[in-house]
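Structural description and commentary
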Number of protein chains: 2
Amino acid sequence: MDKNDLRNKLVLIATRLFAERGLNGVSIRELSKAAGVSISMISYHFGGKEGLYSSVLQEQFSDFDYIEEINKADTEELAKIEAYIRWIIVRYRNKPYLLRFYTSELTNPTQFFSLIVQPAIEKIIQILAQIIEEGIAKNKFRKDLNPVDTVLAMAGMVNYYFLSTLATQELINHSPERDEVLIRHYMDIFTKGILS
Amino acid sequence: MDKNDLRNKLVLIATRLFAERGLNGVSIRELSKAAGVSISMISYHFGGKEGLYSSVLQEQFSDFDYIEEINKADTEELAKIEAYIRWIIVRYRNKPYLLRFYTSELTNPTQFFSLIVQPAIEKIIQILAQIIEEGIAKNKFRKDLNPVDTVLAMAGMVNYYFLSTLATQELINHSPERDEVLIRHYMDIFTKGILS
DNA sequence: AAAGACAGAACGAACGTTCGATATTTTGAC
DNA sequence: GTCAAAATATCGAACGTTCGTTCTGTCTTT
């Protein structure tokens, strides 16, 4: 087997297990058994259990480039915002365990947050706030809006939908059709709130 | 020492430690050392480590009665909504580790969710949706609103503020003054979005 | 033949629980 | 109220299990 095959396989399996039960909730024996390899392979390829966990985290927070592309597109502000909302939904669909990793269990979590999560979130907030500012400058949006707070309000509406679904484990049905209804609904509420 | 003194002390200490590093990230030796008692006390009083963890969870999700009082108050719909937002903020201020427990690590997490978290969230959503419905019936709010989705949008704006703060560990400054600004801001956006 | 990938056994450390002994509190008869 | 006895609370050691890592040897690839 190619070296990278096993690495990718371990990251894939570890992502699901770590997300379900956390770093300390999964043993390397279970991980290696699920991957069909020896337990020594985790130390060999990742330098230890935390090394594998770090690889999982890196992979989970490595898809923030798309948000920059949204911003570069030559569309109006509200279209960019809708594109951002759709991106969040796709993100949670592809990485349903993402929220768990916001409360990381690394020996040095500060490092993980300051190196990976914080820059990513700051970048998103900055880009979206800039979109709001442009809308204000063009007199499309209300002049008295605080761009950052407005971004947090908007991001909250979308993220919370998935957070509450995770927390209640089936309280709200997930489906593409329902996603579409929610996008329309959120855009509707949000648009009425910020348009001048 | 009184029996309940030690029980309460252990729950208090365990809440902070479990929230910081999760069920499997804290040993009963560390817990009992922090409480200044023997390790056997945890099994004696709580029937084991998971018993203590369950007690922590129960205590963290046992403050949902206030939301019913808000609903009973003889005030108009928007005032009730603002009271709800303030309640969330106080809740997170008093229980800053609350979000961690949404991804529980119990051996049988389904039981925890179905018994504690889900009923609590469903109750809140139901009460708030009822408030929205009343506003619609009185022609205060837009007729085309879906009450439940509207509640999720509103709850998301507030909850996400704290979620993002937790995730970024200092990205956004917390203070009563800033809370007040946010309450005004969120109420403003939300009000404009739902008023008829 | 050299280098890399992998397996499996072995290691010490840490884990949660249990158990017998001891200290403290509560109970009840006088 | 006193005091012995019962019940409860606490301790600390010991137990068996599981943990992550390491090491030696073997197989595969270059």
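For the structure itself, look to the data block above.
Residues numbered from 1 in each chain as written. Chains lettered and ligands numbered in written order. Predicted model: local features only at pLDDT ≥ 70, side-chain atom pairs only at ≥ 80, totals over all residues. Heavy atoms only, no water.

Here we look at the overall build of chain A
How we decide: Here a helix means four or more residues in a row that DSSP labels H or I, a strand means two or more in a row labelled E, and each is numbered from the N terminus. The rule is simple: take the accessible area with a 1.4 Å probe, protein chains only, and divide by the maximum for that residue type; under 20% is buried, over 50% is exposed, in between is partly exposed. We call two residues in contact when some of their heavy atoms are within 4.5 Å. Per-residue accessibility takes into account occlusion by the displayed protein chains alone, with areas from the Shrake-Rupley method and a 1.4 Å probe.
Scanning chain A from terminus to terminus reveals nine helices and zero strands. Along chain A, from the amino end to the carboxyl end, the secondary structure elements read α-α-α-α-α-α-α-α-α. Looking at chain A as a whole, 52% of its 196 residues qualify as buried. Look at the contacts in chain A between residues 6 or more apart in sequence, and 67% of them connect residues 24 or more apart. Total accessible area on chain A stands at roughly 9,000 Å², and carbon and sulfur atoms take up 51% of it.

Let's talk about the side chain of B:Gln60
All names here are of chain B. Rules: Polar contacts here mean pairs of N or O atoms no more than 3.5 Å apart (in protein, one a potential hydrogen donor and the other a potential acceptor; neighbouring residues in sequence count only if both atoms are side-chain atoms).
Take glutamine 60: it is sitting in helix H4 (residues 49-60). Within polar-contact distance, the side chain of glutamine 60 engages the side chain of glutamate 59 at 3.3 Å. Excluding residues that lie within four positions of it along the chain, glutamine 60 makes contacts with Thr15, Arg91, Lys95, Leu98 and Phe101.

A few points about the pattern of salt bridges
All names here are of chain A. Heads up, the condition is: Here, a salt bridge means any Lys or Arg side-chain nitrogen found within 4 Å of an Asp or Glu carboxyl oxygen.
A complete count under the given rule lists 24 salt bridges over all chains for this structure. In this structure, the salt-bridge partner of aspartate 144 is arginine 142, at a minimum N-O distance of 3.2 Å. What makes aspartate 144 exposed here is its relative accessible area of 55%. Between glutamate 180 and arginine 184 there is a salt bridge, with the nearest N and O atoms lying 3.9 Å from each other. One end of the pair is glutamate 180 and the other is arginine 184, both in helix H9 (residues 176-194) and four residues apart, which spans about a single turn.

Observations regarding the packing of aromatic side chains
All names here are of chain A. Defined as follows: Two aromatic rings, drawn from Phe, Tyr or Trp (for Trp, its six-membered ring), form a pair once their centres lie within 6.5 Å of each other, and the interplanar angle then sorts them: stacked below 30 degrees, edge-to-face above 60, tilted otherwise.
Taken as a whole and judged by the stated rule, the model has four aromatic pairs over all chains. When the centroid spacing of 4.9 Å and the interplanar angle of 90° are considered together, the rings of phenylalanine 18 and tyrosine 53 count as edge-to-face. In this pair, phenylalanine 18 is assigned in helix H1 (residues 3-21) and tyrosine 53 in helix H4 (residues 49-60), connecting sequence segments 35 residues apart. The exposure class assigned to tyrosine 53 is buried, which follows from its relative accessible area of 1%. Seen from their ring centres, tyrosine 84 and tryptophan 87 are 6.0 Å apart, and the 35° between their planes marks the pair as tilted.

As for unusual backbone geometry
All names here are of chain A. For asparagine 139, which is not glycine, the phi torsion reads 60° and is therefore positive. Checked against the element boundaries, asparagine 139 lands in the loop between helix H7 (109-137) and helix H8 (147-168). Residue class for asparagine 139 comes out exposed when judged on its relative accessible area of 54%.

Re the environment of A:Val90
Mapping A:Val90 onto the fold places it in helix H6 (residues 77-94). For A:Val90, a relative accessible area of 46% puts it in the partly exposed group.

Some thoughts on the environment of B:Ile121
Residue and element names in this part refer to chain B. As for its placement among the helices and strands, isoleucine 121 is situated in helix H7 (residues 109-137). The exposure class assigned to isoleucine 121 is buried, which follows from its relative accessible area of 7%. Linking isoleucine 121 and tyrosine 53, residues 68 residues apart in sequence, is a C-alpha distance of 20 Å.

Examining helix H6 (residues 77-94) of chain B
The cut-off we apply is this: The span one expects for a helix is its residue count, reduced by one, times 1.5 Å.
With 18 residues, H6(B) ought to run about 26 Å at 1.5 Å a step, and its terminal C-alpha atoms sit 26 Å apart, in line with that. Among all positions in H6(B), only B:Glu77, B:Leu78, B:Lys80, B:Ile81, B:Glu82, B:Tyr84, B:Ile85, B:Trp87, B:Ile88, B:Ile89, B:Arg91 and B:Tyr92 are buried.

Remarks on H4(A)
All names here are of chain A. What counts, and what does not: The directions from the helix axis to the C-beta atoms form the arc being described.
Counted at 1.5 Å a residue, the expected span for H4 with its 12 residues is 16 Å, and the 17 Å between its end C-alpha atoms agrees. All buried positions along H4 are accounted for by Leu52, Tyr53, Val56, Leu57 and Gln60. The buried residues of H4 all sit within an arc of 140° when viewed along its axis, so they share a single face.

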